[in-house]
Each structure stands twice: as structure tokens, then as C-alpha cells.
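What the coordinates show
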2 protein chains.
Amino acid sequence: MTENRQWVLASRPEGEPGREDFRLEEIDRPEPGPGQVLVRTLYLSVDPGMRPRMRDRESYAPSWQVDQPLWARAVGEVVESDHPDWAAGDLVVGRWRWAEYDAVEGESLRPVPLESEPGTALGVLGGTGLTAYFGLYDVGEPTPGETVVVSGAAGAVGSVVVQLARLAGCRVVGIAGTDEKCDWLTDLGAAATINYRDTDDYWDAVEEAAPEGVDVYFDNVGGEITDAVLDNVNDHSRVAVCGQVALYNAEETPEGPRRMYQRTRTRVEGFIVYDYEDRFDVAIDRLRDWYVAGDVESRRTVAEGIEHAPDAFLGLFEGANIGKQLVQVADRGD
Amino acid sequence: MTENRQWVLASRPEGEPGREDFRLEEIDRPEPGPGQVLVRTLYLSVDPGMRPRMRDRESYAPSWQVDQPLWARAVGEVVESDHPDWAAGDLVVGRWRWAEYDAVEGESLRPVPLESEPGTALGVLGGTGLTAYFGLYDVGEPTPGETVVVSGAAGAVGSVVVQLARLAGCRVVGIAGTDEKCDWLTDLGAAATINYRDTDDYWDAVEEAAPEGVDVYFDNVGGEITDAVLDNVNDHSRVAVCGQVALYNAEETPEGPRRMYQRTRTRVEGFIVYDYEDRFDVAIDRLRDWYVAGDVESRRTVAEGIEHAPDAFLGLFEGANIGKQLVQVADRGD
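All of the points below concern the structure found in this document. Here the structure is a predicted model, which means the values were calculated and not measured.

Re the overall build of chain A
Looking only at helices and strands, chain A features 7 helices and 16 strands. Computed over the C-alpha atoms, the radius of gyration of chain A is 20 Å, within 12% of the 20 Å expected from 2.2 N^0.38 for a compact globule of 334 residues. Each of the three principal axes of chain A carries a C-alpha extent, and together these read 65 × 45 × 35 Å. When burial is assessed residue by residue, chain A has 58% of its 334 residues classed as buried. A fraction of 68% describes how many contacts in chain A between residues 6 or more apart in sequence connect residues 24 or more apart. When the accessible surface of chain A is totalled, it reaches about 13,900 Å², and 43% of it is carbon and sulfur. Counting 31 positive and 62 negative side-chain charges, chain A places the averaged centre of each group 2 Å from the other.

This is how it looks when you write it as C-alpha cells:
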């Protein structure tokens, strides 16, 4: 049995990407070369940050190429290993093709942080949790009593940020797009929420939700919601720019108000989680402790079957997911 | 002889301010009260940061009020003192009315840092130099070998930044509006200059002047020049937002491209020099040493006579000044 399926980029989208930009191919299961491991994919991670890779331009992550496979963070089970660290049955996290099976350098793999819940390696105990952790604590620098506003707050990263800000003693305001999401944010400890789809005036809504002004803004979204938050920042406020999902599908750079950060001495800083790689272990340990103790909870939206991977990805731009969006490709030990 | 003249705000301008927004009044010379000092103004400082004070809105500096006197940083000679620290003939720097004489709290005055050149207390050895010093070193954080771009580079703050960046071992690119200014910047140590009034394509000009990209951008200007610089920033670049003179006269917030700082992890930070007050003494000592040694030079444009104060201020928005713009109100010991 050498059956295998993988997704390739069929075309580069202009503006909104669609199902037609993806193509599922049947291929042979690869043979692991020297030092490689054959993994069977259990979960693939999709995130909005993949959208820029559909463009043909330089970024911190390489572009996807037309007719070539897509790549993702993934969790899998080792089927066959030519690497001394790994044996059949091991659960590993790494980066490989959107495929049912892939041959991966053993060196690039890590054990999943929590064997009983391997999917967390792509969420709260993976890049998602790390992005929240370093973006909030290192870039946002919250102190107890401050007001932290999070956009995209019911998404993968945002929902962890809400909880980490609560743990830091902050008053948290979460912005999301449905009442269901807002209710969940309240459960997670948000003191106020804004359902932006149900709000006529973002400015008033932010002012009401953050009556003492905004000290830290963790931005996953960009665009007009961000404008409203930035109009309400306090002196010496910090803005951690994690993502700008509202802007990713634009072909031309969107226009917006030119900001004058001087009066409030606001610091706006983009960050990329891989810059903090030397402290990943410490952060994962803390996140795992909090997760196991129930101080940080995780929710996911799971698409079943590799054939739904593009839909799961496209749904991110409509806010279809609550918490981390995963694609479950196989069950462990099937 | 109790003659005195002072400028008041005649009206709040909409858009570009004009001469008609100012009115010169003849008033009595004030009597210093307890703890006060009567100063005779030698120099008044005008700077673009005064423009926001013409609006009726909250900022870190109080608004000017219609029919009320304007305020400025100033250098003067003590005429009469009711404060133990000051005696007639002392040269002082402080903040008082745009007037020939004013009664000022003795407590708020400082001696000029360099008696032989009292006007430097408003330029390289005053707020101007301090703004350059803390904005570049604390916010910009340049390291030797990096490329530092300065807009408004031939202005008061900009021309000091160019020199402080050179002292820090950086490659400096200065942006200014005339060839004469650019030539001066080259004399000050700029490796490349851009005359933005003589440039069709800001983007190309920045790319050519900073072929290895921009590590630090010290922005005095805002607007389209800033867009071009921000399109050429390197990873982990820093932007010190000192002023945005191109935007000060706009009634509506101008629109511009929405920036994605994430890819380059750029940090954009507004700052206000008064936040660094506890380190002013150290900075002034260093600036004075450099100035006396000839490592940092200072140039000024001086308007003669208090009647020209509004013209001097309005000229700032046309780039009429090279270096620091001062108004000389009287000669010492006249």
C-alpha cells in the first residue's frame, strides 16, 4: 500500500483566494532517505499567515510555488525511521507537506509536548501559544492593572493572548465577530468584549469597553477596528503587530489614516515568533503547566479529512473557526 | 520706561496658519512677584511642534488660547530678581511669553550651558539637541555600520541627528529640500543626501541612497517621503517618530498606506524629549563637549526683531530655515 495524497498550489490568487487555487494529487508514498523519517500526518495546521506565501514575493517564509506542494506545521506518527532519535509509533511535530505521508529530516522533528493530546502541539503548546506568549509578554509588556485589547480574540493566537493577559493581572477586552465567540471570551476572563459585526461605531465601542484607555493592543486583524483602538491608546502604550488578516487579501496596499504616534509615545512593533526560538523551551514548559492546570484552555475547530484542508484555510478569512483551526488527516494508530 | 510688546493668538487657523492668526500688542512691562525674575528676552525659539498648540485640543503641551499670549522656550538676561539663585545680568533659559520682557518663576529657569553663545541654549545645547540625542540614541538605538536615514535633516533637530549618527559610526542619509541644505549635510558627514524637491521618485531615491536598506529612520516629516523610507527598512529596523511637519497643517487626518510592520519586525515609536528629563544633564554635558570640540556644529537662521516672530514660525513649514530657527529679540546688554 503506497497510496498518498497531497495538495499543491494550482494558481496564485488575486485578491480573495478560492478552492480553485488548490489541487489534490495522488502520489506515491515517499521512501525516507538517510537520516529521514516517514511520518503519517495526524494533524495539519492552517493559519492566516499562510496567505502571504501564496504571493510570489520575498517574506520571512518562502513563497509557495505553482504546481508544487504546500507546507504546514503538522503533527504525525513515525511509520519508519532512519534517524536514531525516532522510532515507529513516536508522535512528532514539525513542518512538512500538506500530505498524508511525507519523508522528513529526523533532525527537524520534535516530540509533541503532551502525548495524550498531540494536537496541542499545533495550538496552545505550539507556534500558536508561543506567538501569543512572546507577542504579549515581550512586545506588549503588560503590567498588572493595564488594559489589554486583543483583536481576532477568539482565534487561535488571540484566545491564548486573552488568557495570558488575564494571568498577567490585566483587564482584557476581546474583539471578535459573533456573540458565541464573545461569550467564550468572557468565559476565558475578558472583562469586556466587542462583537465588531454587531457594532455601528467601532470608536464608541472601544471607548466604552476600555474606559481608561488602551495600554496594550495585540493586533491580529489590522484595518478599521485597529484604527478605532489606536484612537484610544494611552500614553506609552504598546502595539504588538501579530497579523493583519483584514489586509492579507488586498492586492494594493490599503489606505488608512496616517498615525501620529508622538503625542502618546506609542510603540508599534511587528514581531515574528521565530526570533524568540532560544526561549521556546521555557515558554512551552510554562504553557503546558498552565494548560494542564486548567489556567489556559484551548479550543479548536477541526476539519476532518485532508480533502477539506483548503476549506479550513479559506474559512479563516471568514472567521469560521473558534480557537485553533486544524485539519485532522488521520487518527492515531489507524 | 515700561514699554513691552507681546504676541497673542488672534485666531485659530484652519489648515495652513497665516500672519493674520497672530497679533502684536503693546503692554506694560510686568512687575516680578515673590520668587519671580524679570527677564529681558534675547532669543525666542520657534519650532514646528508649536503648530498643534494652535488647535483647541489636548496634547502633551497645553493649547494656546485666542487673545492670550503665546509661549516659547527662550533665552534672556535677568533684569531684576526676587529669587535667590538669580541676579541682574545672569543669562537664563526657560519658557515664557513671546514678549520683550516677562516675569518668570525663578525656580523654572536654568543657566545657559555656554555663556559665550547663549543662543545655543535653544539649539544644540537645548531642547533641540536633547531631542536629537534621546530620539536617536534611546529610540533609534543605532549601532556602528547601520544606515540611519533622517528626514528634515537640515532642520534644527535633524542636523544634530545627522552628526550624532555619524559619531555613532553609522552611514547617514539626509533628506532635505534644497541643494544648499544637502551640501551642508554632506559637510556634516552624511554619506548620501536626497533633495526631495528635486526627486521624481522617492522610492528610487531612497533605494539608491541606502542600498543596504534602512536600519534607523529618524522622522521629522511624515507623509510620502516617510512612505518611501518605510518601504526600504531592514529587518529589526527602528523608526523614531520625532515630528510629522508635513501633517501638522491638515484639518482631517491624512490617509496613507496601511503599513505591515510584521515582516520586518519594525519598531515604530513616538517620543517626547521631556520623558528623558532625568538624564538631561548628562546629555547636555556630552553635547557641549562635542560642540566645543567641533565634533557637532550648529547653524541657525535668525529673524531679527520680535515683530518677525510669526514669520519665522510660518517659514518653518516652507523649509525656510537651515538649522535652528531663532528670533533675536534683543542684544545682550543693549
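Concerning the packing of aromatic side chains
The geometry of an aromatic ring pair is captured by two quantities: the separation of the ring centres and the angle between the planes. Following the criterion strictly, the structure yields 20 aromatic pairs over all chains and no others. On the numbers, 4.9 Å between centres and 10° between planes, the contact of Phe134(A) with Tyr276(A) is stacked. A residue pair is termed long-range when its members are at least 10 positions apart, and Phe134(A) in helix α1 (residues 127-140) and Tyr276(A) in the loop between β14 (267-270) and α6 (280-293) qualify at 142 residues. Like Tyr276(A), Phe134(A) is buried. With centroids separated by 6.5 Å and ring planes inclined at 85°, the aromatic side chains of Trp7(B) and Phe22(B) adopt a geometry described as edge-to-face. Of the two residues, Trp7(B) sits in strand β1 (residues 3-9) while Phe22(B) sits in strand β2 (residues 22-28), which places them 15 residues apart along the sequence.

Examining the sheet that holds strand β8 (residues 147-150) of chain B
Ordered in space as β10(A)-β9(A)-β8(A)-β11(A)-β12(A)-β14(A)-β14(B)-β12(B)-β11(B)-β8(B)-β9(B)-β10(B), the 12 strands form an open sheet in which the pairing is mixed. Edge strands, defined here as strands with exactly one partner in the open sheet, are β10 (192-195) of chain A together with β10 (192-195) of chain B. With direction set aside, neighbouring strand axes in the sheet form an average angle of 15°. When β14(A) meets strand β14 (residues 267-270) of chain B, the two strands line up antiparallel, connected through 3 bridges. Residue pairing across strands places Glu269(A) opposite Arg267(B), the latter belonging to β14(B). Packed onto the sheet, helix α5 (residues 223-230) of chain B meets β8, β9 (171-176), β11 (214-219) and β12 (233-241) of chain B and runs at close to 165° relative to β11(B).

Notes on the relation of the copies chain B and chain A
Once chain B has been moved 0.0 Å along the axis and rotated by 180°, it coincides with chain A to within an RMSD of 0.0 Å. Such a turn and shift between the copies fits a two-fold axis. A share of 100% of the interface residues of chain B reappears at the interface of chain A, consistent with the copies meeting face to face through the same patch.

Describing the side chain of Asn195(A)
Residue and element names in this part refer to chain A. Here Asn 195 is to be found in strand β10. Under the relative-accessibility criterion, Asn 195 is labelled buried at 12%. Reaching out from Asn 195, the side chain makes a polar contact with the side chain of Asp 179 at a distance of 2.9 Å. Sequence-distant contacts of Asn 195, that is, excluding residues within four places in its chain, are made with Ala 176, Gly 177, Thr 178, Asp 179 and Cys 182.

Observations concerning the pattern of salt bridges
Residues and elements named next belong to chain A. The tally for this structure, following the rule as stated, stands at 36 salt bridges over all chains. The shortest N-O distance in the salt bridge between Arg 23 and Asp 67 comes to 3.0 Å. Separated by 44 residues along the polypeptide, Arg 23 in strand β2 (residues 22-28) and Asp 67 in the loop between β3 (36-45) and β4 (71-81) bring together distant segments of the chain. For Arg 23, a relative accessible area of 31% gives the class partly exposed. In this structure, Glu 146 and Arg 238 form a salt bridge, with 2.6 Å as the shortest nitrogen-oxygen distance. Taken together, the residues Glu 146 in the loop between α1 and β8 (147-150) and Arg 238 in strand β12 (residues 233-241) connect sequence positions 92 residues apart. Since its relative accessible area comes to 14%, Glu 146 is described here as buried.

Thoughts on the interface of chain B and chain A
One frequently used descriptor of interface size is the decrease in accessible area upon assembly of the parts. Taken residue by residue, the interface counts 33 residues in chain B and 33 residues in chain A. Between chain B and chain A the total buried area reaches about 3,000 Å² when both faces are included, carbon and sulfur atoms providing 51% of it. Considering only the surface of chain B that becomes buried against chain A, Arg258(B), Gln262(B) and Arg265(B) emerge as the three largest contributors, covering 27% of it. Run the count over chain B and chain A and you get 4 salt bridges. A salt bridge links Arg258(B) to Asp227(A); the shortest N-O distance between them is 2.8 Å. There are 17 residue pairs in polar contact (both at pLDDT 80 or more) connecting chain B and chain A. It is β14(B) that provides the largest number of residues to the side of chain B that touches chain A, a total of 4 residues. Residue composition of the side of chain B that touches chain A, grouped by class: 12 nonpolar, 10 polar and 11 charged. Pairing analysis gives 3 bridges linking strand β13 (residues 255-257) of chain A to strand β13 (residues 255-257) of chain B, with the strands arranged antiparallel.

Analysis parameters
- Residues numbered from 1 in each chain as written.
- Chains lettered and ligands numbered in written order.
- Predicted model: local features only at pLDDT ≥ 70, side-chain atom pairs only at ≥ 80, totals over all residues.
- Heavy atoms only, no water.
- Helix = DSSP H or I, 4+ residues; strand = E, 2+ residues; numbered from the N terminus.
- Rg over C-alpha atoms; globule rule 2.2 N^0.38 Å.
- Buried < 20%, exposed > 50% of the residue type's maximum accessible area, 1.4 Å probe, protein only.
- Contact = heavy atoms within 4.5 Å.
- Areas by Shrake-Rupley, 256 points an atom, 1.4 Å probe, with all protein chains shown as cover.
- Lys, Arg positive; Asp, Glu negative; His and termini not counted.
- Charge placed at Lys NZ, Arg CZ, Asp CG, Glu CD.
- Phe/Tyr/Trp six-rings, centres within 6.5 Å; stacked < 30°, edge-to-face > 60°.
- Pairing = 2+ DSSP bridges.
- Axes fitted to C-alpha atoms, helices over the stretch in contact; angles between N-to-C directions.
- Least-squares fit on C-alpha atoms with pLDDT ≥ 70 in both.
- Polar contact = N/O pair within 3.5 Å; in protein donor to acceptor, adjacent residues only side chain to side chain.
- Salt bridge = Lys/Arg side-chain N within 4 Å of Asp/Glu carboxyl O.
- Buried area = accessible area lost by both parts, 1.4 Å probe.
- Nonpolar A, V, L, I, M, F, W, Y, C, P; charged D, E, K, R; others polar.

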